[in-house]
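Per-entry structural report
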Number of protein chains: 2
Amino acid sequence: MQAHELATPYPTVTLETPADEAARVLTEHRRPGLIVVDRRGQPLAVLGASQFLKLLVPGYVQDDPALARVLDEKFADQFCARLAEKSVKDLMPKEPAPLPVVNPDDTVLEVAAIMAARRSPLVAVVARDDDGPRLLGAISVAALLEHVLPPQVS
Amino acid sequence: MQAHELATPYPTVTLETPADEAARVLTEHRRPGLIVVDRRGQPLAVLGASQFLKLLVPGYVQDDPALARVLDEKFADQFCARLAEKSVKDLMPKEPAPLPVVNPDDTVLEVAAIMAARRSPLVAVVARDDDGPRLLGAISVAALLEHVLPPQVS
């Protein structure tokens, strides 16, 4: 079993994707994050869903969550207005979560070793051919474990 | 909209759950982690899927992932044998990822503020009544964003 056989499609955005569109992609797929790729298709990082909260929750409430109790629900409208003005680039943290990249012919153990060493719940599988890098998909820890576990005896 | 309306069921285990059973729960639900609850039902922490990799990947390969290339696939059998001997307690990291807990009547903004302040992609919704704590479910960032975003105009 090689990495390309375990890879499944994963939602991606670029740094230029509007933030409101990125939020849509995220919620449609109900993933904990999006893979950010450059214009050539090379994965750059994972954009965690929690980065969107920076736009949703005012800074003074982030510092003191107890203040949230006294705010009304207007923040939701403001959030959508703020989202429309931003792009993925604005949402990226200063130190983005790195996304390990594996080769399509890497073995399951190689993928597992890279996940363990980099403490990453996700790896990207990238093919490199004459046209440049191409994201084949991603492998989550859960998908990898499912492959390694013996068939359920019921 | 209150926390209990946003909460959805989330797979849980206890510290005593056998590790192989926990791995099954994780892969069946394809979640990035499991909520670990104590015997009373109070959430203790999140057990990330990557914690299982510690049993799958030998220590010397974790230190040098390049060694994975020279190993054969027998490790998978050994992994299952090791899993069968362990419990969730053995998989917990020294500093487990904390799981913020919110009250059923907390507002969406309160939940968002706690997620942002604690940098957690997940919160547990716990009711407290005469019978003790009761986990109503969990709220992910993606679910919260979906609620806050305006309906898609197509």
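Residues numbered from 1 in each chain as written. Chains lettered and ligands numbered in written order. Predicted model: local features only at pLDDT ≥ 70, side-chain atom pairs only at ≥ 80, totals over all residues. Heavy atoms only, no water.

Quick look at the relation of the copies chain B and chain A
Both copies of the chain are placed relative to one another by a rotation about an axis and a shift along it. At an RMSD of 0.0 Å, chain B and chain A line up after a rotation of 180° and a shift of 0.0 Å along the axis. Taken together, the turn and the small shift mark the pair as related by a two-fold rotation axis. For chain B, the residue whose C-alpha comes nearest the rotation axis is P32 of chain B, separated from it by 4.1 Å. When the interface residues of chain B are mapped onto chain A, 96% of them again fall at the interface, so both copies present the same face. (Least-squares fit on C-alpha atoms with pLDDT ≥ 70 in both. Contact = heavy atoms within 4.5 Å.)

A word on the pairing of strand β6 (residues 132–140) of chain B
Residue and element names in this part refer to chain B. Strand direction decides the pairing type here: strand β5 (residues 122–129) and β6, joined by eight bridges, are antiparallel. The residue of β6 that forms the bridge with D129 is G132. Here β5 folds back onto β6, and the loop between the two strands holds two residues. (Pairing = 2+ DSSP bridges. Helix = DSSP H or I, 4+ residues; strand = E, 2+ residues; numbered from the N terminus.)

With respect to the UniProt feature "domain: CBS" (unreviewed entry) in chain A
Look at the UniProt record and you will see "domain: CBS" (unreviewed entry) annotated at residues 6–65 and 92–154 of chain A. Secondary structure within residues 6–65 of chain A divides into 35% helix and 22% strand; the distance between the first and last C-alpha atoms comes to 41 Å. (UniProt positions renumbered as here; feature names shortened; annotations may be inferred.)

Points about the pattern of salt bridges
Applying the stated rule across the entire model yields eight salt bridges over all chains. The salt bridge partner of E16 of chain A is R39 of chain A, with a shortest N-O separation of 3.6 Å. Residue E16 of chain A is found in the loop between β1 (12–13) and α2 (19–29), and its partner R39 of chain A is found in the loop between β2 (33–37) and β3 (43–48); the two are separated by 23 residues along the sequence. Classification of R39 of chain A by relative accessible area gives exposed; the value is 72%. Of the charged contacts in the structure, one is a salt bridge between D106 of chain A and R69 of chain B, with a shortest N-O distance of 3.0 Å. With D106 of chain A in the loop between β4 (101–102) and α7 (108–118) and R69 of chain B in the loop between α4 (59–63) and α5 (75–85), this residue pair bridges two chains. Relative accessible area serves as the criterion here: at 5%, D106 of chain A is assigned to the buried category. A single network of salt bridges, built from pairs that share partners, joins R69 of chain A together with D106 and E110 of chain B. (Salt bridge = Lys/Arg side-chain N within 4 Å of Asp/Glu carboxyl O. Buried < 20%, exposed > 50% of the residue type's maximum accessible area, 1.4 Å probe, protein only.)

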